[in-house]
Amino acid sequence: PWPGIVSRLNNLTDDTASTSRERLAGLAAFRVSALSHALSFPAMKKVVYSTCSLHAEENEQVVMTVLDKFGDK
């Protein structure tokens, strides 16, 4: 077995369980909120967004959602 968060929590984001999908959606929503907050500061020059997740919902989809909101700034 691999050490670390991926092997320990992989069952929590298994696409077959509805509670896992709900948890993943909640984490993604939190990430959108946190990233949006970081981008809301007028003096902000750069923001680095990084996760330890392998799921597109927490990575690419979060970035696309936030770019739709802040992409022109």
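Not measured: the values here are computed from a predicted model. (Residues numbered from 1 in each chain as written. Predicted model: local features only at pLDDT ≥ 70, side-chain atom pairs only at ≥ 80, totals over all residues. Heavy atoms only, no water.)

1. With respect to the overall build of the protein chain
Here's step 1: A tally of regular secondary structure across the protein chain gives 3 helices and 0 strands.
Here's step 2: The 73 residues of the protein chain split such that 18% are buried.
Here's step 3: Put simply, of all contacts in the protein chain between residues at least 6 apart along the chain, 51% involve residues at least 24 apart.
Here's step 4: Here the protein chain has roughly 5,700 Å² of accessible surface; of this, 61% comes from carbon and sulfur atoms. (Helix = DSSP H or I, 4+ residues; strand = E, 2+ residues; numbered from the N terminus. Buried < 20%, exposed > 50% of the residue type's maximum accessible area, 1.4 Å probe, protein only. Contact = heavy atoms within 4.5 Å. Areas by Shrake-Rupley, 256 points an atom, 1.4 Å probe, with all protein chains shown as cover.)

2. Concerning the nonpolar core
Here's step 1: Counting residues in hydrophobic clusters, the biggest one holds 5 residues: Ala28, Leu35, Val62, Val66 and Phe70.
Here's step 2: Mapped onto this core, the elements with two or more residues apiece are helix H2 (18–39) and helix H3 (60–70).
Here's step 3: With 3 residues, the single largest contributor to this core is H3.
Here's step 4: The contact partners of alanine 28, leaving out residues within four places of it in the chain, are Glu57, Glu58 and Val62. (Core = buried A, V, L, I, M, F, W, Y, C linked by side-chain atoms within 4.5 Å.)

3. Topic: the pattern of salt bridges
Here's step 1: Applying the stated criterion across every chain, the model contains 1 salt bridge.
Here's step 2: Across the pair arginine 31 and glutamate 58 runs a salt bridge, and its minimum N-O distance is 2.8 Å. You can see arginine 31 sitting in helix H2 and its partner glutamate 58 sitting in the loop between H2 and H3, a full 27 residues away along the chain.
Here's step 3: By relative accessible area, which is 4% here, glutamate 58 ends up buried. (Salt bridge = Lys/Arg side-chain N within 4 Å of Asp/Glu carboxyl O.)

4. Digging into the confidence of the model for the protein chain
When pLDDT drops low, the exact placement of atoms in the prediction is not to be read closely.
Here's step 1: Considering every residue of the protein chain, the mean pLDDT works out to 80; 73% of them sit at 70 or more.
Here's step 2: The least confident element of the protein chain is helix H1 (residues 5–9), whose mean pLDDT is 52; the most confident is H3, at 93. (pLDDT = per-residue confidence, 0-100.)

5. Quick look at the environment of alanine 29
Here's step 1: Looking at where alanine 29 falls in the secondary structure, it is placed in helix H2.
Here's step 2: Judged by relative accessible area, alanine 29 falls into the partly exposed class, the value being 45%.
Here's step 3: C-alpha of alanine 29 to C-alpha of glutamate 58: the two residues are 29 residues apart in sequence and 8.4 Å apart in space.

6. Some points on the environment of valine 32
Here's step 1: Its location among the elements puts valine 32 in helix H2.
Here's step 2: Between the C-alpha atoms of valine 32 and asparagine 59, which are 27 residues apart in sequence, the distance is 9.8 Å.
Here's step 3: The residues touching valine 32, leaving out its near neighbours within four places in the chain, are Val62, Thr65 and Val66.

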